[in-house]
Amino acid sequence: MTQDREDAAHDLERELSKLFGRARSVSLTLAAKIHPGLDGASYALLLHLMDIGPVRAADVVERTGLDKSTVSRQVARLEELDLIERVPDPSDGRARLVQLTTVGTERLDKVRADRRRQLREKFDEWPTGDLREFARLLGKLNDAL
């Protein structure tokens, strides 16, 4: 590896570390806006459930790569907070799906709208081409991870 590439990798590692740290902090802040008892990991699961809709808990395990006990614990906590509910699976009456409650959907919609507004303000000065390139590169990073 050339020194230039080594320096670039070091810079990337440093910036990702800062980004991930800030993302954790933002997640905790947003989670508290939804419910004071919501932790960052359960907030992430709530976001995931909103994006994929009603799903079996086993499918959540498969889609997220989290272990079954972690998902089970988070689902139970979200249910306790009245943010998600278990409903019968229309395709298999014995199975249950997890989905956001009306309360969970309303609170998450509000927090997401506020977050989008804040992001638009942060990136207001960026040219559209830079935003598209940044989104493309983040997508590439997410695919690699």
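Just above, that's the structure.
All chains use their own residue numbering, which begins from 1 and follows the written sequence. In keeping with the predicted nature of the model, local features appear solely for residues at pLDDT of at least 70, side-chain atom pairs appear and are counted solely at 80 or more, and the whole-chain, interface and lining totals rest on all residues. Values shown for side chains rest on all heavy atoms present in the structure; no hydrogens or waters enter the calculation.

J.: Is there a simple way to explain the pattern of salt bridges in this structure?
T.: Should their charged atoms come close, side chains of opposite charge can pair. The term salt bridge refers to a side-chain nitrogen of Lys or Arg lying within 4 Å of a carboxyl oxygen of Asp or Glu. Throughout the structure, instances matching the rule amount to 12 salt bridges. Residue aspartate 11 pairs with arginine 14 through a salt bridge whose shortest N-O separation is 3.2 Å. With aspartate 11 and arginine 14 both in helix H1 (residues 3-34) and three residues apart, the pair spans about one turn of that helix. Here arginine 94 ties to aspartate 92 by a salt bridge, and the two come within 3.1 Å at their closest N and O atoms. Among the charged side chains, a network of salt bridges with common partners joins Asp11, Arg14, Glu15 and Lys18. Put simply, DSSP H or I for four residues or longer makes a helix, DSSP E for two residues or longer makes a strand, and each gets a number counted from the N terminus.

J.: How should the layout of surface pockets be read in this particular structure?
T.: Over the atoms rolls a probe the size of a water molecule, and in doing so it shows where empty space is left. Each pocket or cavity is described by its volume, and for the largest pocket that value is around 1,900 Å³. Both site types are read off a 1 Å grid over the protein atoms alone. A 1.4 Å probe that fits but cannot get out defines a cavity, while an open set with protein on both sides within 12 Å along at least five of seven lines defines a pocket; lining residues have an atom within 4 Å of a point. What lines the largest pocket is a set of 39 residues, and nearest its centre among them are Leu19, Phe20, Ala23, Leu119 and Leu138. Those elements that place two or more of their residues in the lining of the largest pocket are H1, helix H2 (40-52), helix H5 (102-122) and helix H6 (128-144). Ranked by residue count, the leading element in the lining of the largest pocket is H1, at 15 residues. Within the lining of the largest pocket, the residues separate by chemical class into 23 nonpolar, six polar and 10 charged. Grid points are joined across faces, edges and corners, and a volume is the space filled by probe spheres set on the points. Each residue is assigned to one class: nonpolar for Ala, Val, Leu, Ile, Met, Phe, Trp, Tyr, Cys and Pro, charged for Asp, Glu, Lys and Arg, and polar for all the others, Gly among them.

Shape is all these values report; function is a separate question.
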